[in-house]
Amino acid sequence: MTENQRQRLKDHKSKFLNIGVTKNGEGYDIIGVPWEKTVNAFNMHTPDVYLSSDDLKNEELMNELIEYEVLGFYSWVPLDDYSFLSRFTFLRDISIMHAEGLSSLDFMRELYDCRMLYIEDAKLENIDVLIDLNKRGKGILTSLMCVGLLNCDV
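Calculation rules
- Residues numbered from 1 in each chain as written.
- Predicted model: local features only at pLDDT ≥ 70, side-chain atom pairs only at ≥ 80, totals over all residues.
- Heavy atoms only, no water.
- Buried < 20%, exposed > 50% of the residue type's maximum accessible area, 1.4 Å probe, protein only.
- Helix = DSSP H or I, 4+ residues; strand = E, 2+ residues; numbered from the N terminus.
- Arc of directions from axis to C-beta.
- Contact = heavy atoms within 4.5 Å.
- Core = buried A, V, L, I, M, F, W, Y, C linked by side-chain atoms within 4.5 Å.
- Phe/Tyr/Trp six-rings, centres within 6.5 Å; stacked < 30°, edge-to-face > 60°.

Just checking my understanding: could you explain helix α3 (residues 128-136) for this structure?
Within the sequence span of α3, burial applies to V129, L130 and L133. Seen along its axis, α3 keeps its buried residues to an arc of 100 degrees; they face one direction. Close packing links the buried residues of α3 with β5 (116-120) and β6 (146-150).

Below is the structure:
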């Protein structure tokens, strides 16, 4: 984690947090919205802090992050493993670019509050978890109201 991002996390006053993952953990000044042609970006946020993929393997940092209600996770780099996302049970918005190494969505199994999921370039075994989550929802607050799978094989 860069010193700048460490300070941003230290200064963060809200119990809610949005995380971005970039190659070197430095923040972006501007980010694209994967839902540009829909109205479903109403709850998308920009990251409060940025991490590198190596930071996700730091157990001390991960324990610090789960003290927050992490609402958004946005990754612009390929990751070796996505199972850590299951620790952020409040996630509402997940955007994963360069997901070539993603084959299972099992990390989503308990993410009942997730409303938006966007994944690029994954080779998924199945999407059963997404179907199950959507069936558990109630009314307008159904889980996974907006799912985008760009260039994904299922």
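Explanation requested: the nonpolar core in the structure shown.
Within soluble globular proteins, side chains that are nonpolar tend to cluster in buried spots. Within the largest apolar cluster, 38 residues are counted, with the highest numbers of intra-cluster contacts made by I19, I94, L102, F107 and M108. At the level of elements, β1 (16-21), β2 (49-51), α2 (59-65), β3 (69-75), β4 (93-96), β5 and α3 are the ones that each hand at least two residues to this core. Excluding residues within four positions of it along the chain, I19 makes contact with P47, V49, L51, L65, V70, G72, F73, Y74 and F88. With 5 residues, the next largest nonpolar core counts Y74, W76, M97 and Y118 among its residues.

How should the packing of aromatic side chains be read in this particular structure?
Working definition: an aromatic ring pair is given by the centre-to-centre distance plus the angle between the planes. Considering all chains together, one arrives at 4 aromatic pairs under this definition. Measuring from centroid to centroid gives 5.6 Å for F73 and F84, while their planes differ by 70 degrees, and the two rings are edge-to-face. Pair noted here: F73 is in strand β3 and F84 is in the loop between β3 and β4, with a separation of 11 residues, a long-range link. For the pair F73 and F84, one class covers both residues: buried. When the centroid spacing of 6.4 Å and the interplanar angle of 80 degrees are considered together, the rings of F84 and F88 count as edge-to-face.

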